[in-house]
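Structural overview
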Amino acid sequence: MDFQPTQDQRDLRAGVRDLLAGRYGREALRASVDAGGALDRDLWRELGGAGLFALRLPEERGGVGLGLPEAVLVFEEAGRALLPGPLVATHLAAGAVPGAAEGTAVVTAFDLDGPLVAHLGDADAVLGEDPLPAGTPVRSADPLTPLWRAEPAGGAQVDAYREEGALLTAALQVGSALRTVELAVRYAGEREQFGQPIGAFQAVKHLCADMLVRAEVARTAVYAAAVTADGAEVAAAKLLADEAALRGARDCLQVHGGMGFTWEADVHLHLKRAWVRARQWGTAARAEEFLAERLLEEAVVP
Amino acid sequence: MDLTYTEEERDFRARLREWLGKTLPELPARPSPDDWPGRRAYDLGWQRRLHDAGYAGLHWPVDAGGRGATPTQHLIFLEETERAGAPYVGANFVGLLHAGPTIAAEGTAGQRARWLPPVLRGDEVWCQGFSEPGAGSDLASLRTRAVRDGDAYVVTGSKIWTSHAEVADWCELLVRTDPQAPKHRGISWLAMPMDAPGITVRPLRTLAGSAEFAEVFLDEVRIPVANRVGEENDGWRVTMVTLSFERGTAFVGEVVACRRTLALLARTAKANGRWDDPVLRRTLGRLNGEFGALWRLTQWNVSEAQRSGGVPGTGGSVFKLAYSHARQELYDAAAEVLGADSLSLEEEWTLDRLSSLSYTIAAGTSQIQRNIVAERILGLPKGR
């Protein structure tokens, strides 16, 4: 047993981080906000070219031929960078919807716990749906996730994708959670009050420590679920990652004080996206009920 | 990221499982928790069986008398013994998990030869003389003083929260050997024989009602200078070695026990109708997810230690923080399952609930662990 990532996996993660830092840095992020979350098609094609969507498609079908462990490492980086768009749905559609693997098509899904669907206006297809349904735009809480109210025509055939969707979404949440720890720690080390950096105060220090603990536990759960693909581990990964991202962003906002409550700080972007993802591919309630049922099935040595 | 076990590791597990299946039914009945001499005999008997079967000091280096097993094999050992319901390390805790590894890492050849074999064979019990009434989490502010007199230290002071003090043969003792030095620099680590004149042990009753640990009073106790492990006034560094072992591996087996408890709780709730309460059901489901993840975190930390050569890192503090709180939530959930019966001390889960209150305090409080995570992992500035 060696649970640590292999050198190839580390290199892959580092490569994606570099790519995103160059192609989707803070200026691009704020430009996306100003554009109301409209997708940058050039960026989408570049992500496709880098293999983000075709990562798990077999090589003989034009994919990269890697597995879930590699996919969660890549999605963790996408979450860290707050990369917008229906990344999970398009990734799941690779090989099934023409153009998804290459990033020439944008594919969304009825993955929310309700009648809303994200990025419908930019979408070329909806996973498991044909034709593309019509929808009414809804003002979205997350400036990077435009929402439409729409009815699935074909009954939203997303059940087959639910577990993988939940796991990849959890990986995005973990990336965001780890990023908010970094943002909070950096701010706490720079911002001075009462003659010293606020990070020297235990109250602030303990907020940051708890953020890291939640993120690290969630990250391990996500990695383990990627390796085993076990349903209960996927549910646990989603549950813990949602919580790490949500509470991490809130604590990060708290550490930033009044600055954290402004539009200029990126913290709210992490929090709002985490809210969206917590509703995608399965909620906390669903995960907890599933994990409870699983307990009854476990063999118990008295 | 590979969670599969090698053929060698699977073979190790299979042989251990077979041995446990054969050995556990032969064990005598467990003594009551308050019967310290009985517990000592029981725990040492278990240690002797482990020794004779070649499982003693599994994770210790070979030149310290151990098996030199990989961290993964140690993990398998803890998992299998807990799963089979084997005795907990008990009175051997300090010897096997604190003092032993410290002597193995920092002791002279003579000290290793004197103290390590009896721990592995199950002949001697150690206790831990670190905490003091006035020191608490600020361990380095300890005041028990040792004055050099010829070839001995004369030690006066008192220690507290000392588990197994009444039945221990040795105590790993922190003393102040230089009162003028900065507080972290004037400390030394001594092995104190518990039968030396001048030692008084007074049992302390915990909130769970049991005499779980003791106060130890030291009145001009003479301890040979040869019993000092590490240099004089270098005891703080030696202690940090000990504490890294404590946080690194000491709680690993308990995660398995918690998962078993959780599954039993679910069955009990199903049987008594409490399962129909969605709030309780969801709490149990959440705990299932948390303990599953904590088990994976254990494997993660063990893999990391294996790559870095076996010394546990600061990941232990992350684990301890998450684990100690989850464990308390587990027993709060048990109380919900039991309902009014949770007020009865006849229920084992009630006693476990009371005991679990120590988890966020013992071995470094959650507040101290958060400081460690914030300062040593995240690099935040030190507070005043």
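Residues numbered from 1 in each chain as written. Chains lettered and ligands numbered in written order. Predicted model: local features only at pLDDT ≥ 70, side-chain atom pairs only at ≥ 80, totals over all residues. Heavy atoms only, no water.

1. Notes on the overall build of chain A
This is how the line gets drawn: For helices the rule is a DSSP run of H or I covering at least 4 residues; for strands it is a run of E covering at least 2, with both sets numbered from the N terminus onward. Radius of gyration here is computed from C-alpha atoms only, and the compact-globule reference equals 2.2 Å multiplied by the residue count raised to the power 0.38. Residue contacts follow a heavy-atom distance rule, with two residues in contact if any of their heavy atoms lie within 4.5 Å. Residue burial considers only the protein chains on display, and all accessible areas are found by Shrake-Rupley using a 1.4 Å probe.
Along its length, chain A carries eleven helices and seven strands. By the compact-globule yardstick of 19 Å for 302 residues, chain A fits well, its C-alpha radius of gyration being 19 Å. Residue pairs at least 24 apart in sequence account for 69% of intrachain contacts in chain A once pairs closer than 6 positions are excluded. Roughly 12100 Å² of accessible area belongs to chain A as shown, and the carbon and sulfur atoms make up 52% of that amount.

2. A few points about the environment of Phe75(A)
All names here are of chain A. Under the convention used in this document: Each residue's exposure class comes from its accessible area (1.4 Å probe, protein chains only) as a fraction of the maximum for that residue type: buried when under 20%, exposed when over 50%, partly exposed otherwise.
With respect to the helices and strands, Phe 75 occurs in helix H4 (residues 68-80). Residue Phe 75 is classed as buried on the basis of its relative accessible area, which comes to 0%. Along the primary structure Phe 75 and Glu 298 are separated by 223 residues, whereas in three dimensions their C-alpha atoms are 31 Å apart. Other than its neighbours up to four places away in sequence, Phe 75 contacts Leu 52, Leu 87, Val 88, His 91, Leu 168, Ala 171 and Leu 172.

3. Some remarks on the confidence of the model for chain B
All names here are of chain B. What counts here: One number per residue, pLDDT, summarises how confident the predictor is, and it ranges from 0 to 100.
Of the residues in chain B, 96% reach a pLDDT of 70 or more, and the chain-wide mean stands at 92. Model confidence for chain B, summarised as mean pLDDT per element, is weakest for helix H6 (residues 235-249) at 74 and strongest for strand E8 (residues 228-229) at 98. Confidence estimates for the predicted assembly give a pTM of 0.94 and an ipTM of 0.95.

4. Structural notes on empty space enclosed by the protein
Put simply, the test is: Grid points spaced at 1 Å and placed over the protein atoms alone form the basis of the search, with a cavity being a set where a 1.4 Å probe fits but cannot get out and a pocket an open set showing protein on both sides within 12 Å along at least five of seven lines. Lining residues have an atom within 4 Å of a point. Grid points are joined across faces, edges and corners, and a volume is the space filled by probe spheres set on the points. Gly is put with the polar residues, along with every residue not named as nonpolar or charged; the nonpolar set is Ala, Val, Leu, Ile, Met, Phe, Trp, Tyr, Cys and Pro, and the charged set is Asp, Glu, Lys and Arg.
Taken as a whole, this structure holds two cavities of 30 Å³ or more when the rule is applied. Size it by volume and the largest cavity reaches roughly 390 Å³. Mapped onto the lining of the largest cavity, the elements with two or more residues apiece are helix H2 (36-52), helix H3 (71-83), helix H4 (93-106) and helix H7 (252-272) of chain B. If one sorts the elements of the lining of the largest cavity by residue count, H3(B) sits on top with five residues. Its residues assigned to classes, the lining of the largest cavity comprises 15 nonpolar, eight polar and two charged. If you add up the space inside the second largest cavity, you get close to 200 Å³. Gly85(A), Pro86(A), Leu87(A), Leu172(A) and Gln280(A) are the residues nearest the centre of the second largest cavity, which is lined by 20 residues in total. Elements that contribute at least two residues to the lining of the second largest cavity include exactly helix H5 (87-93), helix H6 (162-190) and helix H10 (267-278) of chain A. Here the residues of the lining of the second largest cavity sort into eleven nonpolar, six polar and three charged.

5. Details of the pattern of salt bridges
Residue and element names in this part refer to chain A. We count it as follows: We define a salt bridge as a contact between a side-chain nitrogen of Lys or Arg and a carboxyl oxygen of Asp or Glu at a distance within 4 Å.
Evaluation of the coordinates by the stated rule reveals 54 salt bridges over all chains. For the salt bridge of Asp 142 with Arg 273, the shortest nitrogen-to-oxygen distance reads 3.2 Å. Taken together, the residues span a long stretch of sequence, with Asp 142 in the loop between strand E4 (135-138) and strand E5 (147-150) and Arg 273 in helix H10 at a distance of 131 residues. One salt bridge connects Arg 179 with Glu 182, and the closest N-O pair in it is separated by 2.8 Å.

6. Side note on the sheet that holds E4(A)
Adjacent strands of a sheet form backbone hydrogen bonds with each other and so pair up, either parallel or antiparallel. Residues and elements named next belong to chain A. Which entries qualify depends on this criterion: In this description, strands pair whenever DSSP reports at least two bridges between them. All axes here are fitted lines through C-alpha atoms, helices being fitted over the stretch that makes contact, and every angle between N-to-C directions spans 0 to 180 degrees.
If you walk across this open sheet you meet the three strands as E2-E5-E4, and the pairing is antiparallel. Each of the sheet's edge strands pairs with one partner strand only, and the pair in question is strand E2 (116-118) and E4. Neighbour to neighbour, the strand axes of the sheet diverge by 40° on average, direction disregarded. Relative to E5, E2 runs antiparallel, the two sharing three bridges. Residue pairing in the sheet places Val 117 in a bridge with Trp 148 of E5.

7. Some words on the packing of H6(A) against H10(A)
Residue and element names in this part refer to chain A. Put simply, the rule is: Here the angle decides the label: under 35 degrees means roughly parallel, over 145 means roughly antiparallel, 65 to 115 means roughly perpendicular, and every other value means oblique. By definition, any crossing whose near helix is turned counterclockwise from its far helix by less than a right angle is left-handed, and any crossing with a clockwise turn is right-handed.
Where H6 meets H10, the closest approach of the two axes is 10 Å, and the angle between their N-to-C directions is 160°. In terms of their interaxial angle, H6 and H10 are classed as roughly antiparallel. You can see that H6 and H10 cross each other, and the crossing is left-handed. Across from Thr 169, Leu 172, Gln 173, Ser 176, Arg 179, Thr 180 and Leu 183 in H6, the residues of H10 making contact are His 270, Ala 274, Arg 277 and Ala 278. Within the contact of H6 with H10, the residues separate by chemical class into four nonpolar, five polar and two charged.

8. Comments concerning helix H3 (residues 41-49) of chain A
Residues and elements named next belong to chain A. The condition is simple: Throughout, the arc means that of the directions going from the helix axis to the C-beta atoms. In protein, a polar contact requires one atom able to donate a hydrogen and another able to accept it; more generally it is a pair of N or O atoms within 3.5 Å, and residues adjacent in sequence count only if both atoms are side-chain atoms.
For H3, the full list of buried residues reads Leu 43, Trp 44, Leu 47 and Gly 48. Down the axis of H3, the buried side of the element spans an arc of 145°, and every buried residue falls inside it. On its buried side, H3 packs onto helix H1 (7-23) and H5. Here H3 starts with a cap whose side-chain oxygen sits 3.0 Å from the backbone nitrogen of Asp 42, and that cap is Asp 40.

9. A closer look at the nonpolar core
Selection criterion: Throughout this description, the term nonpolar core refers to a set of buried Ala, Val, Leu, Ile, Met, Phe, Trp, Tyr and Cys residues connected via side-chain atoms within 4.5 Å.
Ranked by internal contacts, the top residues of the largest apolar core, which has 143 residues, are Leu87(A), Val222(A), Leu284(B) and Phe291(B). Once you skip the residues sitting within four places of it in the chain, Leu87(A) turns out to touch Trp44(A), Leu47(A), Leu52(A), Phe53(A), Phe75(A), Ala78(A) and Leu172(A). With 29 residues, the next largest nonpolar core counts Ala56(B), Leu139(B), Trp236(B) and Val238(B) among its residues.

10. A short note on the environment of Leu120(A)
All names here are of chain A. Inspection of the secondary structure assignment puts Leu 120 in the loop between E2 and strand E3 (125-126). Residue classification places Leu 120 among the buried residues on the basis of a relative accessible area of 6%. Between the C-alpha atoms of Leu 120 and Ala 150, which are 30 residues apart in sequence, the distance is 8.8 Å. Sequence-distant contacts of Leu 120, defined by excluding residues within four places in its chain, comprise Thr 108, Val 126, Leu 132, Pro 133, Ala 134, Gly 135, Trp 148 and Ala 150.

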